[in-house]
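Structural overview
Read off the chains here:
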Number of protein chains: 2
Amino acid sequence: MGPGPINAHPRVLRAMSADLLGQFDPEMTGYMNQVMALYRPIFGTQNRWTMLVDGTARAGIEAALVSLVAPGEVVLVVNFGRFGLLLAEILQRIGAVIETVDAPWGEVVPLDRIEAAIARVRPRLVATIHGDTSTTMAQPLEGLGDLCRAVGALSYVDATATIGGMELACDRWGVDVVTGGLQKCLGGPSGSAPITISDRAAEHIGRRRHVERGIRGEGMVDGQGPRIGSNYFDLAMIMDYWSEKRLNHHTEATSMLYAARECARIALGEGLAARYARHAAAGRAMTAGLRAMGLTVFGDDAHRMTNVTAVHIPAGVDGEAVRTAMRAMFEIEIGTAFGPLQGKVWRLGAMGYNAMRHKVLLTLAALEACLRMQGFALPLGEAVPAAIAAWGPEQVQEARP
Amino acid sequence: MGPGPINAHPRVLRAMSADLLGQFDPEMTGYMNQVMALYRPIFGTQNRWTMLVDGTARAGIEAALVSLVAPGEVVLVVNFGRFGLLLAEILQRIGAVIETVDAPWGEVVPLDRIEAAIARVRPRLVATIHGDTSTTMAQPLEGLGDLCRAVGALSYVDATATIGGMELACDRWGVDVVTGGLQKCLGGPSGSAPITISDRAAEHIGRRRHVERGIRGEGMVDGQGPRIGSNYFDLAMIMDYWSEKRLNHHTEATSMLYAARECARIALGEGLAARYARHAAAGRAMTAGLRAMGLTVFGDDAHRMTNVTAVHIPAGVDGEAVRTAMRAMFEIEIGTAFGPLQGKVWRLGAMGYNAMRHKVLLTLAALEACLRMQGFALPLGEAVPAAIAAWGPEQVQEARP
């Protein structure tokens, strides 16, 4: 019950035990096409280029940034936590000129401050995070695309921690490239990064296309733009691989593709609206339960992610001892924190297959017991009923078969 | 029965259906430590830094090169096929100064030519491929390390297509960084890249260490060398993650780690010498069977990889029609080819769980039938007995339970 990776859905685990296929076997390329179709509704998009990057969520981020940004280009990072810092760190290595508009940890950046920053720095790309698990905040993205397109800027959003758990509306937001991961609300393992790319971003990236000499055929034409700084993360080549051309790049990670496909089938089978409501109920219940214990929840209530909740470690309590007891006595993992929050908060997730009422209640009951055994005085027996009440009428568990 | 990806061992498929663990759970970090120990004998090394890069084999290659080489540094690529060209292509994007010493497709580069090239270009790194599936040639590497160390150069070898099937002797060869993949002779899925790094290479990479701001703690010191051009492929950070520091980088791809661990356990359970002998028998049998059909095997007999065999498509035969018939009638995939060999040869693999006598025999029998149905006149009934005779006394199949 940490901020991810979390327990995978049993159907996803089973999907990975199917035997492999050759990478150009029609059955395999058929599954690739299915994956493209399955992830469009999950991203809230009609984008043709909706596919997988073979690596963890961080690989998806780097693929997006290195393919979109050439050295010397100005990028505005909307930063409100560790993962905003990560965007800046990756962009530094790419050689971008980085400007940031920042919020303190526990808050988000208001749209008018983003607008002012765009007007000031005239970026080629605006990059941000949807839900930053380091602070548990979800950045509002409604209207971001319009601000970017008004000045001819592209936009990128890392949705690793929200995909499959909070609504992604890429087309309505008007954002160009969005990436995710399986290991949070999609209930799969880390190691595959879904990505969607708008036509205008695909065109921009295509101008940087460069075909490998070892597979270059007649009539293959390179783009005129600066070559993309990475081969593995070259989205132009990855699009060629996922297109009808099937131009060989990496060898698609077959078992992870099966996992990604099953994650999406499960999510769409539940229905996205029901799934988001279930995550919201889990977040409400977790927050209510923690507060009923007398604990202080971290961060701005108005912009909290539904699937992860940070709570202050009470004065006099050894945070690591509680985490150890949770794991040793209850086999429940809760999260530690990074940077300025390290040692100050725990982070409790309720994502995907873990966003179920009984798991939230078990976690709260276990935490109450561990806090009491640590000698912390707290109201006993209040957390569970408060959480049940806060859950409300939403579906309480995910289908398991 | 192509040049990989191939069918996975059933135990590997089952290993991936185990539930996930938190990335800093002691059980999970215990498995990471086991993986480090399991891959040392497979690489033929005592290197402390023996671990996984989360991505396909190509990710391992890029991680090695971008971490070893800074822009402007001279790299000598020993090139004898598509994957040598790939090394050069990745190095171009890094901004290296690339020199090559080349052999025609179907041959390897003699050591004295490598020696002369090293003396001429004084490289910072010598990079090559062990087995290049595009040409089916295996480059001899005995003595390469001494040549490099004599001039203070580092060395890198891509062993994707040989790891687990032909002997890797990193320490005896004296090479510094070697990478692989699971999807060929290790009998696993694509998506995890085993890597080993010598102490001197680790020290070199450590001088380029840069800790992310979002996780930077007290007393963490950056190196003074040029920053590594990629975050995801920064081996200094990946080593910190796999060390006792457990400094967070990506989220380890748990299911793929289970797969990599099981691949290694199976290989060591069989015994590496027996496993290499089984692959050699499979290669002998495949070659003998193809020749008994009257076909011409491609490339230099003295340096053939044991686990993949290229054979000329006979004049008048439609190579793609035969491949299609093999798949449609027999559910057997054989490989096409790249670059100068495209349309000229088929590539038949016998790797890992496919390097079994019955699979080689079934493939030969099926190919004979498909060639005959295409109207190609060939001696009938000769291939299978020739292959059985060529197999010899080696173990004929891999343990399945």
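Residues numbered from 1 in each chain as written. Chains lettered and ligands numbered in written order. Predicted model: local features only at pLDDT ≥ 70, side-chain atom pairs only at ≥ 80, totals over all residues. Heavy atoms only, no water.

1. Quick notes on the domain arrangement of chain A
Residue and element names in this part refer to chain A. Examined at the domain level, chain A breaks down into domain 1 (10–267) and domain 2 (272–391). Listed as interface residues are 28 residues of domain 1 and, on the opposing side, 22 residues of domain 2. Buried surface at the junction of domain 1 and domain 2, summed over both partners, amounts to about 2100 Å²; 67% is from carbon and sulfur atoms. In this assembly, domain 1 and domain 2 are joined by 0 salt bridges. Along the contact surface separating domain 1 from domain 2 lie 7 residue pairs in polar contact (both at pLDDT 80 or more). Broken down by secondary-structure element, the contributors of at least two residues to the side of domain 1 that touches domain 2 are α2 (26–43), β5 (131–132), β6 (137–138) and α10 (254–270). (Domains from an automatic or database assignment. Contact = heavy atoms within 4.5 Å. Buried area = accessible area lost by both parts, 1.4 Å probe. Salt bridge = Lys/Arg side-chain N within 4 Å of Asp/Glu carboxyl O. Polar contact = N/O pair within 3.5 Å; in protein donor to acceptor, adjacent residues only side chain to side chain. Helix = DSSP H or I, 4+ residues; strand = E, 2+ residues; numbered from the N terminus.)

2. Comments concerning the pattern of salt bridges
If you walk through the whole model with that rule in mind, you get 46 salt bridges over all chains. Here E212(A) and R58(B) are joined by a salt bridge, their closest N and O atoms 2.4 Å apart. One end of the pair, E212(A), is in the loop between α8 (199–206) and α9 (235–242); the other, R58(B), is in helix α3 (residues 57–68), on a second chain. Across this residue pair, the class does not change: E212(A) and R58(B) are buried. With a shortest N-O distance of 2.7 Å, R278(B) and E270(B) are connected by a salt bridge. This pair shows no difference in class: R278(B) is buried, exactly as E270(B) is. (Buried < 20%, exposed > 50% of the residue type's maximum accessible area, 1.4 Å probe, protein only.)

3. Observations regarding the packing of aromatic side chains
One pass over the full model with this rule turns up 9 aromatic pairs over all chains. Between the aromatic rings of F24(A) and Y241(A), the centroid separation amounts to 6.2 Å while the plane-to-plane angle is 85°, which identifies the pairing as edge-to-face. One end of the pair, F24(A), is in the loop between α1 (10–15) and α2; the other, Y241(A), is in helix α9, with 217 residues separating them in the sequence. Put simply, the rings of Y232(A), F233(A), Y232(B) and F233(B) pair up and form one aromatic cluster. Over the face of the ring belonging to F338(A) we find R82(A), whose NZ or CZ atom lies 4.2 Å from the ring centre. (Phe/Tyr/Trp six-rings, centres within 6.5 Å; stacked < 30°, edge-to-face > 60°. Lys NZ or Arg CZ within 6 Å of the ring centre and 35° of its normal.)

4. What about the UniProt feature "domain: Aminotransferase class V" (unreviewed entry) in chain A?
When the UniProt feature table is mapped onto this chain numbering, "domain: Aminotransferase class V" (unreviewed entry) sits at residues 27–334 of chain A. Across residues 27–334 of chain A, the secondary structure splits into 42% helix and 14% strand, with the terminal C-alpha atoms separated by 40 Å. (UniProt positions renumbered as here; feature names shortened; annotations may be inferred.)

5. Structural notes on the relation of the copies chain B and chain A
Note: a rotation about an axis with an accompanying shift along it relates these two copies of the chain. The operation relating chain B to chain A is a screw motion whose rotation component is 180°, with 0.0 Å of axial translation and a residual RMSD of 0.0 Å. Such a combination of turn and shift is consistent with a two-fold rotation axis. Considering only C-alpha atoms, the residue of chain B closest to the rotation axis is G55(B), which sits at 2.3 Å. In this assembly, 100% of the residues forming the interface of chain B have copies in chain A that are likewise at the interface, indicating an isologous arrangement. (Least-squares fit on C-alpha atoms with pLDDT ≥ 70 in both.)

6. Details of the nonpolar core
Ranked by internal contacts, the top residues of the largest apolar core, which has 196 residues, are Y39(A), I197(A), Y39(B) and I197(B). The contacts of I197(B), once residues within four sequence positions are left out, are N47(B), W49(B), M51(B), D176(B), V177(B), A202(B), I205(B), L235(B) and M239(B). The next biggest cluster of nonpolar side chains, apart from the first, holds 32 residues, and it includes A285(B), M326(B), I332(B) and V360(B). (Core = buried A, V, L, I, M, F, W, Y, C linked by side-chain atoms within 4.5 Å.)

7. Topic: the sheet that holds strand β9 (residues 193–197) of chain B
Strand pairing in a sheet takes place through backbone hydrogen bonds and is either antiparallel or parallel in direction. All names here are of chain B. Overall, mixed pairing links the 7 strands, which are arranged β1-β9-β8-β7-β4-β2-β3 in an open sheet. Among the strands making up the open sheet, the edge pair consists of β1 (49–53) and β3 (97–102). Put simply, the sheet's adjacent strands are angled 20° from each other on average, direction ignored. Where strand β7 (residues 154–158) lies against strand β8 (residues 177–179), 3 bridges are found, and the strand directions are parallel. Bridged to Y156 within β8 is V177. Against the sheet, helix α2 (residues 26–43) contacts β1, β8 and β9, and its axis sits at roughly 105° relative to β1. Running at roughly 105° to β1, helix α9 (residues 235–242) makes contact with β1 and β9 of the sheet. (Pairing = 2+ DSSP bridges. Axes fitted to C-alpha atoms, helices over the stretch in contact; angles between N-to-C directions.)

8. Some thoughts on the interface of chain B and chain A
Counting residues at the interface gives 61 residues for chain B, matched by 61 residues for chain A. Carbon and sulfur atoms supply 52% of the area that chain B and chain A bury against each other, a total of about 5000 Å² over both sides. Interface area lost by chain B to chain A is led by R58(B), R93(B) and Y232(B), which between them contribute 14%. Across the chain B-chain A interface, the total number found is 10 salt bridges. D25(B) is the partner of R327(A) in a salt bridge, and the nearest nitrogen-oxygen pair spans 2.7 Å. Linking chain B with chain A are 36 residue pairs in polar contact (both at pLDDT 80 or more).

9. Quick notes on helix α13 (residues 357–373) of chain B
Residues and elements named next belong to chain B. In a regular helix each residue adds 1.5 Å, so 17 residues correspond to 24 Å; α13 covers 24 Å between its end C-alpha atoms and thus fits that length. Residues of α13 that are buried make contact with α11 (272–292), α12 (319–330), β11 (345–349) and α14 (383–391). Phi turns positive, to about 85°, at G375, one or two residues after α13. (Expected span 1.5 Å × (residues − 1).)

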